[in-house]
Amino acid sequence: MSLLPFGGPLNEALATRDLAHVWHPCTQMKDHERDMPMIPLRRGDGVWLEDLEGRRYLDAISSWWVNLFGHANPRLGGAIKAQLDELEHVIFAGFTHEPAVQLAEELVRVAPPGLTRCFFADNGSAAIEVAVKMSFHYWRNRGQARKTRFVTLANSYHGETLGALAVGNVALYKDIYAPLLMDVLTAPSPDASAAEPGESAADVARRQMIPMRALLARHAEEIAGVIVEPLVQCAGDMRMYHPAYLRLLREACDEFGVHLIADEIAVGFGRTGTLFACEQAGISPDLMCVSKGLTGGYLPLSITLAGEEIYDAFYDEYAKLRAFLHSHSYTGNALACAVARETLRIFAEEPVIERNRGLAAHLARAAAPLADHPHVAGIRQTGMILALDMVKDRATGETYDFRERRGLRVYRHALERGILIRPIGNVVYFMPPYVISPDEIDLMVRVAGEAIEAATCD
Ligand SMILES: *Cc1c(COP(=O)(O)O)cnc(C)c1O
């Protein structure tokens, strides 16, 4: 297979230098020899990316779910430039700065009620490590040292560092490292696509709460917390579930005395139709992790939010050795805080959530015809995420063998036509920046439809 449609001397020269020394994330590097072009980019503009040859690609996955308001957004770029002339970074122990303080104030103002303390880190996985350590340490400080275990949902994803990997459940990323990982308890996913005939999404939520409650009842004394991705299991094939599950889980966590940890890293900041997905269930978690969209997709930053009850358990005389001594070198980076603060200002000043509602409705209409395709099943949507499964046989639900790499064919075909979508196995999804236009949505979905056709025609 030729990589020529992406070629040209400028692209090829940089791609060659790249492949001589750079080891890319989530990639079998050998794929770049034949199946997967390495595309050097020169600039971005809104939803568009441009390669060295001037070819453009619509970023339909928000650059791995981080970008909210487009590439090279003048307002977000301006916030970083202004901060850059003042203070780029400083040790965050014993020192602070206006961008971090304002960011914490604003985040607490818009977060679910009761989350009043912000612990900073520099990526999503680190925020999960913080939440897990904090939950365990909280119980220890409260004299309940037996509470050391975590409950996770089947098909969940919480990042790639060892602690985050341990509380996740995607076999492709996790299984190989199993000997290195702490042991967790796993409850079934409330994934609405597993509905039995006549069952609604809310019914599935209630049904799947039964084994979760049984697990909590049996192991409450040794469980520190339950960790979930509210409403959408993004890396786990974009499986979606009903908010009733979160409401019932909140009740169960209270009843059995365990923390509810919400991983809003992918779904936070308007992605699901509300600023945070937890809002749709009307609940507040005990710990909440945010990252990705926090900086509008500009710089790495994450925050783990906690309430006063958890904060107080660490607050004591130094000699009692109860403090949370976790740290990262770039904790509270001023540039990242400045652009995160600007991101939250955009939410405060512009009707982003309302605009997204219109865009999400448009996306639903544009994608509806895909449901008629003989190899498409399970179209599902939560706000600005729409996903579908490519299946071999719609009648039986039989899927394609992963070795056929149909998703990779969709990826290539769409790229050739200027759309960046990056299927997860046989799952094709759209998760565009919020600055996409209705016409661009139409283009994105039309090209994806053609790509699916090309990838499933044999
Ligand atoms: C991406 C993601 C993470 C990990 O964040 P990184 O910044 O990639 O470490 C954790 N949880 C969820 C739900 C994610 O989507």
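Coordinates for the structure precede this section.
The model shown is predicted, which means the values in this text are computed figures rather than measured ones. (Residues numbered from 1 in each chain as written. Predicted model: local features only at pLDDT ≥ 70, side-chain atom pairs only at ≥ 80, totals over all residues. Heavy atoms only, no water.)

1. Some points on the site of the ligand
Next, step 1: Neighbouring the ligand are the residues Trp65, Asn123, Gly124, Ser125, Tyr157, His158, Gly159, Glu229, Asp263, Ile265, Ala266 and Lys292.
Next, step 2: Between asparagine 123 and the ligand, the recorded distance is 3.4 Å, taken from a side-chain N or O atom to an oxygen atom.
Next, step 3: For the ligand, an oxygen atom lies 2.5 Å from a polar atom in the side chain of serine 125.
Next, step 4: A breakdown of the residues in the shell around the ligand according to their chemical character gives four nonpolar, five polar and three charged. (Near = heavy atom within 4 Å. Polar contact = N/O pair within 3.5 Å; in protein donor to acceptor, adjacent residues only side chain to side chain. Nonpolar A, V, L, I, M, F, W, Y, C, P; charged D, E, K, R; others polar.)

2. Observations concerning the pairing of strand S10 (residues 259–263)
Next, step 1: Most of S10 sits inside the fold, with five of its five residues counted as buried.
Next, step 2: Residues His259, Ile261 and Asp263 point to one face of S10 and Leu260 and Ala262 to the other, with burial holding for every one of them.
Next, step 3: Pairing of strand S7 (residues 223–228) with S10 involves four bridges; the strand directions are parallel. By the bridge assignment for S10, valine 226 is matched with leucine 260.
Next, step 4: Direction of pairing for S10 relative to strand S11 (residues 287–290): parallel, over a ladder of three bridges. Paired with alanine 262 across the two strands is methionine 288, which belongs to S11. (Buried < 20%, exposed > 50% of the residue type's maximum accessible area, 1.4 Å probe, protein only. Helix = DSSP H or I, 4+ residues; strand = E, 2+ residues; numbered from the N terminus. Pairing = 2+ DSSP bridges.)

3. Here we look at unusual backbone geometry
Next, step 1: In the Ramachandran plot, tryptophan 65 falls in the positive-phi region, its phi being about 75° despite a non-glycine side chain.
Next, step 2: With respect to the element layout, tryptophan 65 can be found in helix H3 (residues 62–65).
Next, step 3: Exposure remark for tryptophan 65: the relative accessible area of 8% places this residue in the buried category.
Next, step 4: Not every positive phi belongs to a glycine, and leucine 321 is a case in point at roughly 55°.
Next, step 5: By the element assignment, leucine 321 lies in the loop between helix H11 (308–314) and helix H12 (334–349).

Scope: geometric values only; no functional claims are made or implied.
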